[in-house]
Structures are given as structure tokens and as C-alpha cells.
Amino acid sequence: MKLFKLKKLKSNIDEKSSINRTTQKNSIIDNVLYVEDIDEVSFLSNEEKINIEKIVFNTNVKDMNFIEFVNLCEVETTENVKSIGKNAFSGCKSLTSVKLNDGLVIIGESAFKGTRIQSLILPSTLKTIDMKAFMYCDALSRVQFNDGLTMIDSMAFYKTVLKKVVLPKSLQVVRNLTFALCKELEYFELNGEHTVLS
């Protein structure tokens with residue numbers, strides 16, 4: 001298990017506050033929250049939540065919501081993270097970048113709904129994308145689907161701006177309305193067969 005060490009505090013030279021703190025298992029270093037214990041996150045102050053710009057998870061993300069983290073623009077998971085829970089980042093309007101490392105198995109219902117993610121590389125360990133996971137992500141134009149994915153639930157990419165979709169041969173189930181109202185979609189490939197949309 002990775003341990004995150006607290007660096008020396010640096011003076012605040014920007015207008016935005018620089019938050020540095022450690023709890024029993026988590027650390028905040030220069031407005032980046034390193035999470036070893038998800039339950040401790042709820043004890044952060046409102047000021048800390050507002051100033052967090054990035055979260056690095058080293059443990060599963062439970063069914064909770066990070067919408068109070070209004071300046072959160074980046075999320076990263078380590079190899080220890082197997083699941084991202086229901087509604088985890090739903091409505092986080094500042095979230096533009098997500099790095100999902102190998103180890104992740106499931107992305108929960110509405111996990112990133114309504115965020116501003118622009119592109120995404122899904123890890124090869126990912127098996128399931130639950131319903132509405134990326135619904136209304138109106139900046140999401142590119143997703144790399146890696147072999148290993150077996151199920152995409154309904155409306156998972158509903159009303160995104162994906163231009164090209166190439167689904168892996170490992171995929172067994174694609175539920176209804178998965179790519180509905182993706183008006184920018186020009187190319188769709190499933191099981192080696194592609195369709196050019198006009």
C-alpha cells in the first residue's frame with residue numbers, strides 16, 4: 001500500500017489558498033488530496049473542500065458525492081482502486097481530467113454524470129460501466145475502450161460529444177440508449193464492423 005508523506009508547508013504566493021494538512025490516514029499537499037481512507041473525507045472543512053483541485057485515490061470510491069469540491073478539476077485512481085461508486089463525481093462542473101489506472105473493475109451509476117471531462121482512457125481491467133456513468137458529459141469527445149470491457153449499461157454515454165467509438169471484441173452487453181443523442185458521432189465500430197454516420 002502506498003503511503004503519502006506530507007511535504008514542508010510553502011508560503012502562499014497566489015490569491016488562492018494553499019491547503020496543507022494530514023489526518024490520520026489522508027494528506028492534503030498543495031491543494032491535492034491523497035485518500036487512503038474514504039470515510040475521513042467527510043471530516044474535511046468547507047474551506048478545504050473548496051480549495052481541493054485534485055484527488056488521488058488509493059482506496060475504493062464509495063457511493064458518495066464530491067459536489068462540494070467546487071474547484072476539483074482532476075481525479076486519479078491508483079492500482080488499489082477497484083470501484084468508483086454511484087454518483088461519486090456527478091455534477092462536479094470543474095472536473096475536466098480523469099486518470100484511471102489498471103486495477104479498476106467497475107464505474108458506478110452516474111459516477112461522472114454532468115462533468116466536463118474531455119477525453120478518457122479506460123483501463124484494460126475495467127469490466128463494467130454502469131448506467132448513466134458519463135451521461136451529459138458535454139465536453140467528452142474521445143474515449144479509448146480497451147479490450148477486457150464486458151458491459152456498458154444504458155445511457156452510459158448519453159448526450160456526450162463523442163466523435164468516434166470503437167468498442168472492444170470482449171464486449172458482451174451494450175444496453176439501450178448507450179450512445180443516444182451523441183450528435184457529433186461520425187464513426188461507430190462493434191465486433192470489427194464499422195458504420196460511418198452522416
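A few points on the structure. (Residues numbered from 1 in each chain as written. Predicted model: local features only at pLDDT ≥ 70, side-chain atom pairs only at ≥ 80, totals over all residues. Heavy atoms only, no water.)

## Side note on the overall build of the chain
- For the chain, the helix and strand inventory stands at one helix and 16 strands.
- The 198 residues of the chain split such that 45% are buried.
- Expressed as a percentage of contacts within the chain between residues at least 6 apart in sequence, the contacts between residues at least 24 apart total 20%. (Helix = DSSP H or I, 4+ residues; strand = E, 2+ residues; numbered from the N terminus. Buried < 20%, exposed > 50% of the residue type's maximum accessible area, 1.4 Å probe, protein only. Contact = heavy atoms within 4.5 Å.)

## Some details on the nonpolar core
- Formed by 48 residues in total, the largest nonpolar core has its most connected members in Phe89, Ile129, Phe134, Phe145 and Phe157.
- Elements that contribute at least two residues to this core include exactly β3 (32-35), β4 (54-57) and β7 (97-100).
- Setting aside residues up to four positions removed in sequence, Phe89 forms contacts with Phe57, Val61, Asn65, Phe66, Leu72, Val75, Ile84, Leu95, Ala111, Phe112, Lys113 and Thr115. (Core = buried A, V, L, I, M, F, W, Y, C linked by side-chain atoms within 4.5 Å.)

## Some thoughts on the sheet that holds strand β8 (residues 106-107)
- The parallel open sheet is built from five strands, whose spatial order is β6-β8-β10-β12-β14. Edge strands, defined here as strands with exactly one partner in the open sheet, are β6 (83-84) and β14 (173-174).
- In this structure, strand β12 (residues 151-152) lies alongside β14, joined through two bridges in parallel fashion. Paired with Ile152 across the bridge in β14 is Val174. (Pairing = 2+ DSSP bridges.)

## Here we look at the packing of aromatic side chains
- Under the counting rule described, the total for this entry stands at twelve aromatic pairs.
- When the ring of Phe112 is compared with that of Phe134, the centres are 5.3 Å apart and the planes differ by 5°; the resulting orientation is stacked. Linking Phe112 in the loop between β8 and β9 (119-121) with Phe134 in the loop between β10 (128-129) and β11 (142-144), this pair joins segments that are 22 residues apart in sequence. When sorted by exposure, Phe112 lands in the same class as Phe134, which is buried.
- Taken together, the aromatic side chains of Phe57, Phe66, Phe69, Phe89, Phe112, Phe134, Phe145, Phe157, Phe179 and Phe188 make up a single cluster linked through ring pairs.
- We note Lys164 situated over the ring of Tyr187; from NZ or CZ to the ring centre the distance is 5.2 Å. (Phe/Tyr/Trp six-rings, centres within 6.5 Å; stacked < 30°, edge-to-face > 60°. Lys NZ or Arg CZ within 6 Å of the ring centre and 35° of its normal.)

## Regarding the side chain of Lys54
- Here Lys54 shows up in strand β4.
- There is a polar contact of 3.4 Å between the side chain of Lys54 and the side chain of Glu76. (Polar contact = N/O pair within 3.5 Å; in protein donor to acceptor, adjacent residues only side chain to side chain.)

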